[in-house]
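Remarks on the overall topology
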Amino acid sequence: MQKDKYALLDTDFISKTHIIQKDADNHLIDRIVELPGYQFFCHSQIRTELSRHNVTGAMEWLENKISTRQIKCYSDEDILDKLENVYGAMALGLYANLLHKACQAYAEGFYENNFKELQKVDYGNIMKSDLLRKLKADCDTIGVGNHLGEIKTYVLLQMLSLMLGEQIYVFCSDDRNARSGIVSIGGVRCISVLSAFIRLKKECGFGQEEAKDYIKSWLDFCAEHMQTTFKVQEDAKVLRMCKVPCEQVMREIYEEKLEETCMGYLRYKS
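Throughout what follows, the structure given in this document is the object of discussion. Not measured: the values here are computed from a predicted model.

Right, let's get into the pairing of strand β4 (residues 38–43). Within β4, 5 of the 6 residues are buried, which leaves the element mostly enclosed by the surrounding structure. As paired elements, strand β1 (residues 5–9) and β4 share 4 bridges and run parallel to each other. Residue pairing in the sheet places Y6 in a bridge with Q39 of β4. By the bridge criterion, 4 bridges tie β4 to strand β5 (residues 71–74) in an arrangement that is parallel. Note that in β5 the partner of F41 across the bridge is K72.

Among the secondary structure elements, E63 is positioned in helix α4 (residues 58–67). On a C-alpha basis, the gap between E63 and Y123 in space is 34 Å, while along the polypeptide they are 60 residues apart.

This brings us to the pattern of salt bridges. A side chain with one charge can pair with a side chain of the opposite charge if their charged atoms come near. All chains considered together, the criterion is met by 21 salt bridges. Two residues, K201 and E256, come together in a salt bridge whose shortest N-O distance is 3.0 Å. In this pair, K201 is assigned in helix α12 (residues 193–204) and E256 in the loop between α14 (246–254) and β10 (258–260), connecting sequence segments 55 residues apart. The exposure class of K201 is buried, given its relative accessible area of 18%.

The rules behind these values
- Residues numbered from 1 in each chain as written.
- Predicted model: local features only at pLDDT ≥ 70, side-chain atom pairs only at ≥ 80, totals over all residues.
- Heavy atoms only, no water.
- Buried < 20%, exposed > 50% of the residue type's maximum accessible area, 1.4 Å probe, protein only.
- Helix = DSSP H or I, 4+ residues; strand = E, 2+ residues; numbered from the N terminus.
- Pairing = 2+ DSSP bridges.
- Salt bridge = Lys/Arg side-chain N within 4 Å of Asp/Glu carboxyl O.

This is the structure we're talking about:
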């Protein structure tokens, strides 16, 4: 019996794949959450950040998927509750360790420079409610636009990995540093917007004919933002990336010339 795959969605991925659409009722993100055998998750910080992106309908889309339980949304308190159920009194300290590791995956020194209140905590002598209050105070100080969504997603993926003992997939940002941070945590595969087309083709037979309107929408979006090429790894033996015209990359996905890497990049098959 095939095991479920556990997958997280980040703000940038939801935003972009909601923009990519066949029509007003069919977005690429709809096809993603229909992938067979996947359970989808997000952190509540993603809801907050998506509401600031001003992508028409994306926030409403996410709220609908959460309300219909197609996506499970975890807050910091939910994560602490899950840890407490298994680790008891050690849960609060464990959460801090997960957060510290998530910050290190994003940027060296981020935890030390930004989570000042948490660093004062005696984890052997604090209530969960007090910890959550201090965590919120630090997050409020960090403020908007400082990658809290990515960091909280890193915390959630570590919790899921601990609880499930399975590889976690992250449908994530096109930002190289974000992907590197995710992979550095271990046991994780990144799926980008581009590699999502390969995964859809491979796992649910989403062929070129079904994908053509989404591809056109994606290429139109790239053109509007003056992007004419995608970076593709030359082959498995050569890590060098080359710039390939966007239209050529999309065509070669369906000509079986490209494969995905664990970081969500595409590379030419050897």
